[in-house]
Amino acid sequence: MFVLAYVHIILTGYPQKSKMDMFGRVSILNEEGIIKSTMYIEEKKAMVSTLSPKDLWEHILTQVELLISPANFNTWFKKSFILKVEGGVVFVAVPSLFFKEWYLKKFHFIILKIVRSVSYEFRNVEYVIIKEKSKQVININKKHTTTLPLNDFYVDKNDNLNPRYTFDSFVVGPFNEMAYAAAQAVINKPGITYNPLFIYGDTGRGKTHLIQAVGNQFKKIYLNRKVFYLTSEKFTVEYINSIQNGTANRFKERYRQYDLLIMDDIQFLSRKEKSQEELFHLFNTLYDTNKQIIFSSDKPPSAIPDIADRLRSRFSAGMMIDIGEPDTESRIMIINKKLALNSLSLDANIVEYIATTIPGSIREIEGVINTIVCYTQTKGSILDLLEVRQLLRSFSKSNKTISTKQVISKVCDYYNMEKDAVYRKTRRREIVRPRQIIMYILREDFNVSYTSIGIELGGRDHTTVIHSCDKIKKDLEKDVYLMKELEDIRSLFK
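An account of the accompanying structure is given in this report. What you are looking at is a predicted structure, and each value in this text was computed from that prediction instead of being measured. (Residues numbered from 1 in each chain as written. Predicted model: local features only at pLDDT ≥ 70, side-chain atom pairs only at ≥ 80, totals over all residues. Heavy atoms only, no water.)

1. Some details on the side chain of Ser-296
And then number 1: With respect to the helices and strands, Ser-296 occurs in strand S10 (residues 292–297).
And then number 2: You can call Ser-296 buried: its relative accessible area is 0%.
And then number 3: Residues contacting Ser-296, with those up to four places away along its chain left out, are Ile-199, Ile-211, Met-263, Asp-264, Asp-265, Ile-266 and Gln-267. (Helix = DSSP H or I, 4+ residues; strand = E, 2+ residues; numbered from the N terminus. Buried < 20%, exposed > 50% of the residue type's maximum accessible area, 1.4 Å probe, protein only. Contact = heavy atoms within 4.5 Å.)

Below, the structure is given as structure tokens:
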């Protein structure tokens, strides 16, 4: 009877508003609300086998567009598409690894929920990196499996080294030139010069890159010798497993066969007495047979707590070198090197701005460059200084626990105005502009909701806050003085 009633509505032109989507799902809006045809929802599921990937992707886009901002939608979904649907899995093609990680982090559950609402046959969504040139030759309607391009770089399972880490891609500057020289000396005379080599420094200084570069160069020069890289955590886990499985002797024999052993993050051996003891005996065996050993840590051996004295003395027996914070010139070199590896160049002023804005961590610099490359590919043109400034906001280390009153206080002090003035209902420019900046900073830098901002600033409506934030955004595109003022104010929160 329900189906007959529905057919009657379609044939007779029911006067109320109705809409049928491409899956045959019908929504009829009348005074009582929305009525859905369960018959057509079931029939929609039967259509899944004949549904093209293109139509499915268009449906997903339609739903996603309702859930995220237009800027996010244009940035992240413009260059993606469904590659194929196979075995209940929807394979979504994305243009880069950065996109893939962002989809998994931000959009996966949204997309998965949408495809499962289409049919229970869809079990999962996976993301595949497809370069732009590859997209033109892919026929998503073919039934056979399409061969996908492999990643350019992968970890070698035999030695655990990443081929990305080479001396060619390593930037040498005053902050790391001693460590680089010691690494070259180890390559020339392994097991004799600087054994062990102990590299230490704060996180993100390039320690892992340098010690793995030694391993990759060692492989090229000494073809008949064995090298292995691992972290101290992995060493501990494998050692414990060997004890539990009764394979301790096999574990010992395995690590004694290497001509070059590289162990990263040695500080995590703190308080692990049994693992320290095993490493002590392994160290002695390798050292006595002139096998090269390299360690890295975020602090010198003397500063690592709860390490056995005999092991600490072994760490200090060779060469210990600290990698400091890269200076501005070194950061500029690192930025240009990373840009070149991505076939991208930026204006010298932009590069200098990045170098002076981002702190000393090379890992953070890499994150910035990856973000710039992603946005450049999405936009299709080189970013200007203003766009880079906007992107770098997320990398600034503002105090996230700052209160609204503190923001108001600092902005008012900057403009030399009374704090109570921002709460007044006035349109005087000398008060309206600082108030708009307060709203903009609270929203953009501290992610305070529009409603909360309005309440904090005298009970204003959230639409007023939205208008104020949009006004500052537009003015920043053309007002260099406002841009400078905003930078000065933001520096007060660091």
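Further notes follow.
2. Looking at the nonpolar core
Among soluble globular proteins, nonpolar side chains are generally buried collectively.
And then number 1: Counting residues in each nonpolar core, the largest one holds 46 residues, and the members touching the most others are Ile-354 and Ile-372.
And then number 2: Per-element tally for this core: the top contributor is helix H15 (residues 362–379), with 6 residues.
And then number 3: Excluding anything up to four places from it in sequence, Ile-354 contacts Ile-335, Leu-346, Val-368, Ile-372, Val-388 and Leu-392.
And then number 4: Counting 29 residues, the second largest nonpolar core, distinct from the first, contains Leu-386, Met-417, Leu-476 and Ile-489. (Core = buried A, V, L, I, M, F, W, Y, C linked by side-chain atoms within 4.5 Å.)

3. Some remarks on the packing of aromatic side chains
And then number 1: On inspection of all chains with the given rule, the structure shows 24 aromatic pairs.
And then number 2: Here the aromatic rings of Phe-77 and Tyr-103 are separated by 5.2 Å at their centres, their planes lie at 50°, and the arrangement is tilted. With Phe-77 in helix H4 (residues 70–77) and Tyr-103 in helix H5 (residues 97–118), the pair connects residues that are 26 residues apart, well separated along the chain. Neither residue differs from the other here; Phe-77 and Tyr-103 are each classed as buried.
And then number 3: A centroid spacing of 5.7 Å and a plane angle of 75° characterise the contact between Tyr-103 and Phe-107, whose relative ring orientation is edge-to-face. With a gap of 4 residues between them, Tyr-103 and Phe-107 both fall in helix H5, about one helical turn apart. Side by side, Tyr-103 and Phe-107 carry an identical accessibility label, which is buried.
And then number 4: In textbook terms, an aromatic cluster arises when at least three aromatic residues are bridged by ring pairs, as seen for Phe-198, Tyr-200, Phe-283, Tyr-287, Phe-295 and Phe-315.
And then number 5: Over the ring of Tyr-165 we find Arg-164; its NZ or CZ atom is 5.1 Å from the centre of that ring. (Phe/Tyr/Trp six-rings, centres within 6.5 Å; stacked < 30°, edge-to-face > 60°. Lys NZ or Arg CZ within 6 Å of the ring centre and 35° of its normal.)

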